[in-house]
Amino acid sequence: DLQDPYTGQLIHFVRGQKTSQAVQIDHTVSLADAWASGAWAWDESQRTAFANDPANLLAVDGPANTSKSDATAADWLPDTVAGRCELVEHQVVVKAKWGLSVTERERAAMRRVLASCPAG
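A. Local environment of the pattern of salt bridges. Following the criterion strictly, the structure yields six salt bridges and no others. The partner of Lys 97 in a salt bridge is Asp 53, with the nearest N and O atoms 2.9 Å apart. Here the residue Lys 97 occupies a position in helix H4 (residues 81-98), and Asp 53 occupies one in the loop between helix H2 (44-51) and strand S4 (57-61), the gap between them amounting to 44 residues. A relative accessible area of 53% places Lys 97 in the exposed class. Judged by its relative accessible area of 6%, Asp 53 is buried. With a closest N to O distance of 2.9 Å, Asp 75 and Arg 105 form a salt bridge. Residue Asp 75 is located in the loop between helix H3 (62-68) and H4, and its partner Arg 105 is located in helix H5 (residues 104-116); the two are separated by 30 residues in the primary sequence. Pair check on accessibility: Asp 75 and Arg 105 agree, each one exposed.

Thresholds, definitions, all that
- Residues numbered from 1 in each chain as written.
- Predicted model: local features only at pLDDT ≥ 70, side-chain atom pairs only at ≥ 80, totals over all residues.
- Heavy atoms only, no water.
- Salt bridge = Lys/Arg side-chain N within 4 Å of Asp/Glu carboxyl O.
- Helix = DSSP H or I, 4+ residues; strand = E, 2+ residues; numbered from the N terminus.
- Buried < 20%, exposed > 50% of the residue type's maximum accessible area, 1.4 Å probe, protein only.

Next comes the structure, spelled out in structure tokens:
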């Protein structure tokens, strides 16, 4: 069972072809966003390390992940406050860790989300 961080729903997952889309592994900072934010300058080993960095990977609801696609916080956020907080907190940590840039629109969206998160 997965308590999905984006939707807040409990997903009862059973392994198999008919259910494999129910849970997906999200790159919280998408590979496309990373590329646009500076990964274009990395060598192949750095790009591979980024793509497999556990700090950037999160098991989530498949349809929510498909909806997110390669969007940044400026263009897509989960419907729940907890989901928005978790996604943006991951993105901030990952972008800082990997030295990736943040656009002004993205920074503004991140600030709005983080201001609404419970202190923890």
